[in-house]
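Structure assessment
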Protein chains: 2
Amino acid sequence: MENNQGRTVYILSGPAGVGKTTTSKELVKKLSACAYISGDDISHMHVIGRKNPWESEEETSLIWDNILSLTKNFLWYGNDVVVDYVTFPHQAIWLYDNLRNSNVRVVYVVLWADQDTLIERDSKRLREHRMGERCLLLADEFKKSGLDEKYLLSTTEGTKSENEYIIDEIISNAKFRIKGCELVETSNI
Amino acid sequence: MENNQGRTVYILSGPAGVGKTTTSKELVKKLSACAYISGDDISHMHVIGRKNPWESEEETSLIWDNILSLTKNFLWYGNDVVVDYVTFPHQAIWLYDNLRNSNVRVVYVVLWADQDTLIERDSKRLREHRMGERCLLLADEFKKSGLDEKYLLSTTEGTKSENEYIIDEIISNAKFRIKGCELVETSNI
């Protein structure tokens, strides 16, 4: 019954304001069977007793257990999965390790934009969704995470042709596919 | 580490327009640690290749696998869980059976209102969320499902005092707790 073969999990990461959700929505249109998992939505299912995930390891662990469970189920039913969430390299590796036996490909892309762009995009959100300074703190955290630069993909321009290029890269460029524990602090292949 | 003890899963069911979401939001406020799972939100994570769950057993099965996985995770981390979804008796039993070993209580409530109330509430929704005739078809399906009437709870009045009564009943009235396979076609206890 299992129908995982040849399926792909796309993790679209990066700091707030970088275009994760917009890019995810464009990406799913190119796939024939697909689930879209918003890490923020998963996180907010914990309505009472929730802590800020960036301040609580337990909360973060709960969110990732939920993302993993959903991902496994959607794969089992023959779908690709797009995960839209601030995902650090060790979290992408954790997901990859937990899916390793199911013969699926894991694509990890850290979308990136310059600081001015991040701040400008943040200011255009609804007030309750604005991240403020955390935008830049998050960008710093990625820089310090030892992330291999090959996983970065720029969204600074925000033009239509750039968007098309981004989707093509995510789907086709093999450098974004996690192959093992080579994600952190290695040179480019 | 497991922290399931004494936890409760509340399944708030009933046809569209009966007040599942409103009641869920009131219920979670009374709980100290709690997740809210909207079956509709889970269903719509399947963005490409999704079938209407009422026309596809596979789609329904995927949705329930996802609800079960999330429920188990939230329980594991010490939360009660409120499931807001059109849930027929056999689905409530399935969830109960799959949680039986984890020593949690499963409360099953089928909210109910008369036909005029259902149609009126449906007409007040945003156009894209209106169910139209399916409201009444759903109400019929519940009637035909062999549901024990003790699981019904009326929301017809929609008054504040009725709302408070409903929440009290859901939390305190033992008749809503599933005890085994006595859910369908049995006399009242």
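Residue numbers here run from 1 along each chain, matching the order of that chain's written sequence. The naming scheme follows written order: chains are lettered A onward, ligands numbered 1 onward. Confidence filtering applies because this is a predicted model: local features only for residues at pLDDT of at least 70, side-chain atom pairs given and counted only at 80 or more, and all residues used for totals across whole chains, interfaces and linings. Calculation of side-chain values draws on the structure's entire complement of heavy atoms; hydrogens and water are dropped beforehand.

Chain A has the name Gluconate kinase in an unreviewed UniProt entry, where Sporosarcina limicola is given as its organism.

Quick look at the interface of chain B and chain A
Quick reminder of the rule: Contact between two residues is taken to exist if any of their heavy atoms lie within 4.5 Å; hydrogens are not considered. What counts as buried area is the accessible surface, traced by a 1.4 Å probe, that two parts surrender upon association, with contributions from both included. For salt bridges, the criterion is a side-chain nitrogen of Lys or Arg within 4 Å of an Asp or Glu carboxyl oxygen. Two N or O atoms form a polar contact when they lie within 3.5 Å of each other; inside protein one atom must be a possible hydrogen donor and the other a possible acceptor, and for residues adjacent in sequence the pair counts only when both atoms belong to side chains. Numbering goes from the N terminus for both helices and strands, where a helix is a DSSP run of H or I of at least four residues and a strand is a run of E of at least two. For this scheme, ten residues count as nonpolar: Ala, Val, Leu, Ile, Met, Phe, Trp, Tyr, Cys and Pro. Four count as charged, namely Asp, Glu, Lys and Arg, and the remainder, Gly too, count as polar.
The interface is formed by 24 residues belonging to chain B together with 24 residues belonging to chain A. Of the roughly 2,200 Å² buried where chain B meets chain A, counting both sides, 62% is carbon and sulfur surface. Contact with chain A buries surface across chain B, with Met45, Ile48 and Tyr77 of chain B losing the most and accounting together for 30% of the total. Counting across the interface, chain B meets chain A through 0 salt bridges. The tally of links between chain B and chain A comes to 18 residue pairs in polar contact (both at pLDDT 80 or more). For the side of chain B that touches chain A, the secondary structure elements donating two or more residues are strand E2 (34–38) and helix H3 (57–76) of chain B. Residue contributions to the side of chain B that touches chain A peak at 9 residues, all from H3 of chain B. Across the side of chain B that touches chain A, the residue classes tally to 14 nonpolar, 8 polar and 2 charged.

Re the sheet that holds strand E1 (residues 8–13) of chain A
Strand-to-strand pairing in sheets goes through backbone hydrogen bonds, with the strands running parallel or antiparallel. Residue and element names in this part refer to chain A. Spelled out, the test is: For two strands to count as paired, DSSP must find a minimum of two bridges between them. Axis angles are defined between N-to-C directions and span 0 to 180 degrees, where every axis is a line fitted to C-alpha atoms and, for a helix, only to the segment in contact.
Read from one edge of the open sheet, 5 strands run E2-E3-E1-E4-E5, paired in parallel fashion. The strands lining the two open edges of the sheet, one partner per strand, are strand E2 (34–38) and strand E5 (152–154). Across the sheet, the mean angle separating the axes of adjacent strands is 25 degrees when strand polarity is ignored. Here helix H6 (residues 134–144) sits on the sheet in contact with E1 and strand E4 (105–112), set at roughly 130 degrees to E4.

Let's talk about the side chain of arginine 7 of chain A
Residues and elements named next belong to chain A. Our working definition: A simple rule labels every residue: compare its accessible area, found with a 1.4 Å probe on the protein chains alone, to the largest value its type can have, and call it buried under 20%, exposed over 50%, or partly exposed in between.
Tracing the backbone through its elements, the reader meets arginine 7 in the segment before E1. Judged by relative accessible area, arginine 7 falls into the buried class, the value being 19%. There is a polar contact of 2.9 Å between the side chain of arginine 7 and the backbone oxygen of glycine 78. Ignoring anything within four residues of it in the chain, the contact list for arginine 7 reads Ser32, Ala33, Leu75, Gly78, Asn79, Asp80, Val104 and Arg105.

Overview of the relation of the copies chain B and chain A
What counts is decided by this rule: Least-squares superposition of the copies uses the C-alpha atoms of those residues scoring a pLDDT of at least 70 in each of them.
After a rotation of 180 degrees and a shift along the axis of 0.0 Å, chain B superposes on chain A with an RMSD of 0.0 Å. On the angle and the small slide along the axis, the relation comes out as a two-fold axis. Across chain B, the rotation axis passes nearest the C-alpha of serine 69 of chain B, at a separation of 3.0 Å. Take the interface residues of chain B: 100% of them recur as interface residues in chain A, which is what a same-surface contact looks like.

Remarks on helix H3 (residues 57–76) of chain A
We apply this condition: In this analysis, the expected span of each helix is defined as 1.5 Å times one less than the number of residues it contains.
Taking 1.5 Å per residue as the helical rise, H3 of chain A with its 20 residues ought to reach 28 Å, and the 28 Å between its terminal C-alpha atoms agrees with that figure. Across the 20 residues of H3 of chain A, 14 count as buried, placing the element largely inside the fold.

A look at the packing of H3 of chain A against helix H4 (residues 89–99) of chain A
Residues and elements named next belong to chain A. Test applied: Should an angle fall under 35 degrees it is called roughly parallel, over 145 degrees roughly antiparallel, and 65 to 115 degrees roughly perpendicular, with every other angle called oblique. In this scheme, a crossing is called left-handed if the near helix is turned counterclockwise away from the far one by less than a right angle; it is called right-handed if the turn is clockwise.
It is at 11 Å that the axes of H3 and H4 come closest, and there the two elements cross at 40 degrees. Of the possible angle classes, the one that applies to H3 and H4 is oblique. H4 is crossed by H3, and the crossing has right-handed handedness. Packed against H3, whose contacting residues are Thr60, Trp64, Asp65, Leu68, Thr71, Lys72 and Leu75, the element H4 presents Gln91, Trp94, Leu95, Asn98 and Leu99 at the interface. For the contact of H3 with H4, a count of residues per class yields 6 nonpolar, 4 polar and 2 charged.

Here's the deal with the nonpolar core
The condition that has to hold: Think of a nonpolar core as a cluster: buried Ala, Val, Leu, Ile, Met, Phe, Trp, Tyr and Cys residues, connected wherever their side-chain atoms sit within 4.5 Å.
Counting 111 residues, the largest nonpolar core has Val9 of chain A together with Val9 of chain B as its most contacted members. Residues within four places of valine 9 of chain B in sequence aside, it is in contact with Thr71, Leu75, Val81, Val83, Leu95, Leu99, Val104, Arg105, Val106 and Val107 of chain B.

Side note on the packing of aromatic side chains
All names here are of chain A. The cut-off we apply is this: Between the rings of Phe, Tyr and Trp (Trp by its six-membered ring), a pair exists once the centres lie within 6.5 Å; its type follows the angle of the planes, with under 30 degrees stacked, over 60 edge-to-face, and the other angles tilted.
Under the definition given, this model contains 10 aromatic pairs over all chains. Aromatic pair tryptophan 112 and phenylalanine 142: ring centres 6.3 Å apart, planes at 85 degrees, arrangement edge-to-face. With tryptophan 112 in strand E4 and phenylalanine 142 in helix H6, this residue pair connects regions lying 30 residues apart in the sequence. The residues tryptophan 112 and phenylalanine 142 share a single accessibility class, namely buried. A network of ring pairs unites the aromatic residues Trp64, Tyr85 and Trp94 as a single cluster.

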